[in-house]
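# Structural characterization, general
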Amino acid sequence: MEPIDIPVSGTKVQTSRVFERDPETVRDEDLREAIWELGREGEWIVQPVPEPYYLAPTKYGRQKKIPLEHTWHHKSCGQCGHIPGYSTSIFWLNRLLGFDYFDPRDQTSCTAWNYYASATSNQAAQAAVAMRNFSAAYETGYYPLIHCGTSFGHYKEVRHELVHDAKLRRQVRAIIEKLGRPFVMPEEIVHYSEWMYAVRKQLAERVQFDLSKITATVHPACHYYKLQSGDAIYDPEIYGGQRTAAVTAVVQELGAQVADYSTWYDCCGFGFRHILVQRDFTRSFATLRKIEVMKQEANPDVVLTHDTGCVTSLDKSQFAAQAHGRNVGVPVMSESQFAALAVGAHPFRVCQLHWHAVDYRPLLHKMGIDVERAWAEFEADVEKIKHGEMEYLTWEHVL
């Protein structure tokens, strides 16, 4: 077989593989029909994806429904605690596009931290947390959109277990009934970056800066595309369909360059258990296997990813390497933050880049954003709050 070029802005990857997509012959199971069949049997309520929705191609050629609005935003504990501009950028983009969405207060963490890091929980408890959140979304009439890649992957594993294990299903249904909740399974489990993919052209129409000189490297989140891989978005026009299109498709549509690098498939280093018990391993892996390789091979202006742990790991780990004079110093953010900046969001009021560790100012200057003016505006906001002139920033202050 003759080698083919996978087009990537700024470089090309050569491969001899051709990935033929035939949903009738792949081994990966499409669970959606089983979910509907269990619904018809009265095992649970199936919440359909609301219209309007976007049909996105997945790894094996199936079409996945991505809701554009009427979404219930399953926030990430790590985003809210460490990267608040991540979530606010997603909300801000929904408001910019005029989409109806719901920011719930009746939500718990997914507890995947417990599952992946400590293994101190049990199967029924993990599944019950997922189904409790799905029921909370269903009761509002809005459809769950998962902000965290880890929650997304964990919930897909829970779905697989519940479809195939009737005993587990009975246990979890009993727990949900004790809570006085309906037992609900969404038709699709959808990650926010898939929503970003679905609205990428609408965002591109609103870009306010020339991004053609911006080079980005993309880190794909392991928990997005390596767990239950048949659900992830694979676009034949992005990487020749050989890699997930999440993040990359959005960045290219906005007009920036995406450069390839040799450790694209590697984890960010977060890894869950060792971030708790062997943190130096995470910092070393994030900087040596990811950031330094990106710097040497692509010299990007920014690293973009789509998961809480990935942004945290790749951004926060660089301080240790910088202290030793290593070849790091690349700002890291989510593609939602980058897209929000591109279409005019305030870098501090909305994207909250002051929470990030690596210096982001060179990137903003190169994009054409007046960083000094934006910071002065934000400082003025803080002074007003200090002196009681306003209680806090509202959406009216940032739109």
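Residues numbered from 1 in each chain as written. Predicted model: local features only at pLDDT ≥ 70, side-chain atom pairs only at ≥ 80, totals over all residues. Heavy atoms only, no water.

## What to know about the layout of surface pockets
A water-sized probe, rolled over the atoms, reveals where empty space remains. Volume-wise, the largest pocket comes out at about 580 Å³. In this structure, the largest pocket is lined by 35 residues; those nearest its centre are Trp113, Phe270, Ile275, Gly309 and Thr312. Every element with two or more residues in the lining of the largest pocket is listed here: helix 2 (77-82), helix 4 (112-118), helix 6 (149-164), helix 10 (222-225), helix 12 (273-277), helix 13 (279-297) and helix 14 (308-316). With 6 residues, the single largest contributor to the lining of the largest pocket is helix 14. Taken together, the residues that form the lining of the largest pocket break down as 16 nonpolar, 14 polar and 5 charged. Taken as a whole, the second largest pocket holds about 320 Å³ of empty space. (1 Å grid on protein atoms, 1.4 Å probe; cavity = no way out; pocket = protein on both sides within 12 Å on 5 of 7 lines; lining within 4 Å. Points joined across faces, edges and corners; volume = space filled by probe spheres on them. Helix = DSSP H or I, 4+ residues; strand = E, 2+ residues; numbered from the N terminus. Nonpolar A, V, L, I, M, F, W, Y, C, P; charged D, E, K, R; others polar.)

## Remarks on the side chain of His73
Take His73: it is sitting in strand 6 (residues 71-74). For His73, a relative accessible area of 0% corresponds to the buried category. A polar atom in the side chain of His73 sits 3.0 Å from the side chain of Thr71. For His73, the side chain forms a polar contact with the side chain of His147, separated by 2.8 Å. (Buried < 20%, exposed > 50% of the residue type's maximum accessible area, 1.4 Å probe, protein only. Polar contact = N/O pair within 3.5 Å; in protein donor to acceptor, adjacent residues only side chain to side chain.)

## Quick notes on the nonpolar core
By size, the foremost hydrophobic cluster in this structure holds 109 residues, and its most contacted members are Trp44 and Phe338. Tallying contributions element by element places helix 5 (residues 123-140) first for this core, with 6 residues. With residues near it in sequence (within four places) discarded, Phe338 still touches Leu211, Ile214, Val251, Leu254, Ala256, Val302, Leu304, Met333 and Met367. (Core = buried A, V, L, I, M, F, W, Y, C linked by side-chain atoms within 4.5 Å. Contact = heavy atoms within 4.5 Å.)

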